Amino acid sequence: MDEFITELWETEILEQLTEYIRIPNKSPHFDPLWSEHGYMERAVAQIAEWCDSRGLEGMRLEVMRIEGRTPVIFIEVDGDGEGEVLLYGHLDKQPEMTGWTEGLGPWQPVVRDGRLYGRGGADDGYAAYASLTAIEALQRSGKPHPRCCVLIEACEESGSYDLPAYIEALAPRIGTPDLVICLDSGCGNYEQLWCTTSLRGLIAGTLRVGVMSEGVHSGDAGGVVPSAFRIARVLLERIDDMHSGALNDETFHVAIPDARITQAQAAATALGEEHWARFPLLAGVEVVGAAAANNCADRILARTWKPALEITGASGLPVLEEAGNVHRPEIALKLSLRIPPGIDAMAATERLTRLLTEEPPCGARVSFEAEQGACGWEAPPLAGWLEAAADRASRDVFGKPCVYMGEGGSIPFMAMLGERFPDAQFFITGVLGPGSNAHGPNEFLELATARRLTSCVARILSDIAESGVDAGTLAAN
């Protein structure tokens, strides 16, 4: 089975992902004209055609389309063992970003030292190939597998706002999964299997501060007209402490469960300083806030269970070469606020809006245009059966035990499924490890890890097929 997986990865899948990276299939939020540009159709067609060509026994593939929404690839594979499993991934991508190393680029696939560089290979183009390959490997080796549904969406990087409509339409065909496997998460290292136990939510929006109808000479207005930039600084200070980055309002905080603290301590033992040393900090730059304590477990919790605010974009400021002596009339800042699991995104958005817009300094014109928020997610308690299966798979494939840790990013689909299938088990994993830099420059897919993860998924599917368990007993265990 492993030989088949290795051969397929080293030949066909690598070739497929190389071509996939060339497609600038940005998520709808970053390419509102995605339908007209046709890049998404190219990505969908490439993945669907390859999957269909595999000819798995009992497989049915459909590219589903709802008018006005991004498409979804849905695959059903009949099982010859117990259980039902839903495997998830996505094919839309983040925008280019600047700062790529010379010779690398977002739409320029390059293999170096066992890593495939380019946008979307690791986040999350590999998921469809890994999912179907795991099932095919079991069929070819004569091992049983459960009934499997593979769902690949095209809107995840925009908050999965198209997905609920498809989940509703597909409900009779999805059924009631015993296990959900998501291949869109991270890994603490490339040396063992990692299971994500929680995800932070996200509130995003644009803060606008206006003070004049047009710009005027700074020598004329300075000292009389308030600075839009300075007012924005005052407003942001209402949200987080400018020195530590800690959020000031309790609305955005939760009590961290003891079990997650224990898991963070175990992950810290496995990772050591590698957990935070992987960030490309400049010489002399120190970590902040709750992560400032010299404790790796605290640093893990800081990026998984603590809220954090970042400014991800700005307008109203000219580029340096065009910056004249002008008092600017307006500034706009793109805010990204990560919220821990258990925080209601809608309530948090309302609170953030009030904090930013009530009683604006100097009577400035202030607004906050919120985007669709995403709630965080915490996995249900892991069944003893699944924990044992994951550990066996990790030891067999990687030679080390499986490790459990929260992640700081968001996968909106998990919260949707958790609410819809309260008795299902969830195994959230991925290949985004140290340096892989999803969403940023030099994103890469660690090919050996992706191949090994495929083998782990195959083993977990085989275990559930042979165990005779269903969702009820999984939850009970």
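Digging into the sheet that holds strand S18 (residues 444-446)
Turning to step 1, where the next piece is worked out: The strand order across the open sheet built from three strands is S4-S5-S18, with neighbouring strands paired in antiparallel fashion. The sheet terminates laterally at strand S4 (110-112) and S18, the two strands that pair on one side only. This sheet shows a mean twist of 25° between the axes of neighbouring strands, independent of strand direction.
Turning to step 2, where the next piece is worked out: For strand S5 (residues 115-117) and S18, the ladder comprises three bridges, and the chain directions are antiparallel. Counterpart to Arg 115 in the pairing with S18 is Glu 446.
Turning to step 3, where the next piece is worked out: Lying over the sheet, helix H14 (residues 447-467) contacts S4, S5 and S18, oriented at roughly 55° with respect to S18.

Points about the side chain of Arg 303
Turning to step 1, where the next piece is worked out: Mapped onto the elements, Arg 303 comes out in the loop between helix H10 (296-302) and strand S11 (308-315).
Turning to step 2, where the next piece is worked out: Among residues more than four places away in sequence, those in contact with Arg 303 are Arg 200, His 275, Arg 278, Phe 279, Met 405, Gly 406, Glu 407 and Gly 408.

Some thoughts on the packing of helix H1 (residues 2-21) against H14
Turning to step 1, where the next piece is worked out: Packing of H1 against H14 leaves a shortest axis separation of 10 Å and a crossing angle of 135°. One finds that H1 runs oblique with respect to H14. Pair H1 / H14 crosses with right-handed handedness. When H1 is examined against H14, the residues Asp 2, Ile 5, Thr 6, Trp 9, Glu 10 and Leu 14 are found in contact with a partner set consisting of Leu 447, Ala 450, Arg 451, Thr 454, Ser 455, Ala 458 and Arg 459.
Turning to step 2, where the next piece is worked out: Looking at the contact of H1 with H14, its residues break down into six nonpolar, three polar and four charged.

Side note on the nonpolar core
Turning to step 1, where the next piece is worked out: In terms of nonpolar packing, the biggest core is built from 68 residues, with Trp 9, Leu 91, Tyr 126, Phe 427 and Leu 445 touching the most fellow members.
Turning to step 2, where the next piece is worked out: No other element matches the eleven residues that helix H4 (residues 121-141) contributes to this core.
Turning to step 3, where the next piece is worked out: Residue contacts for Leu 445: discarding those within four places in its chain leaves Trp 9, Leu 17, Gly 114, Arg 115, Leu 116, Gly 121, Ala 122, Tyr 126, Val 431 and Ala 450.

The rules behind each value
Residues numbered from 1 in each chain as written. Predicted model: local features only at pLDDT ≥ 70, side-chain atom pairs only at ≥ 80, totals over all residues. Heavy atoms only, no water. Pairing = 2+ DSSP bridges. Helix = DSSP H or I, 4+ residues; strand = E, 2+ residues; numbered from the N terminus. Axes fitted to C-alpha atoms, helices over the stretch in contact; angles between N-to-C directions. Contact = heavy atoms within 4.5 Å. Parallel < 35°, antiparallel > 145°, perpendicular 65-115°, else oblique. Left-handed = near helix turned anticlockwise from the far one by under 90°. Nonpolar A, V, L, I, M, F, W, Y, C, P; charged D, E, K, R; others polar. Core = buried A, V, L, I, M, F, W, Y, C linked by side-chain atoms within 4.5 Å. Buried < 20%, exposed > 50% of the residue type's maximum accessible area, 1.4 Å probe, protein only.

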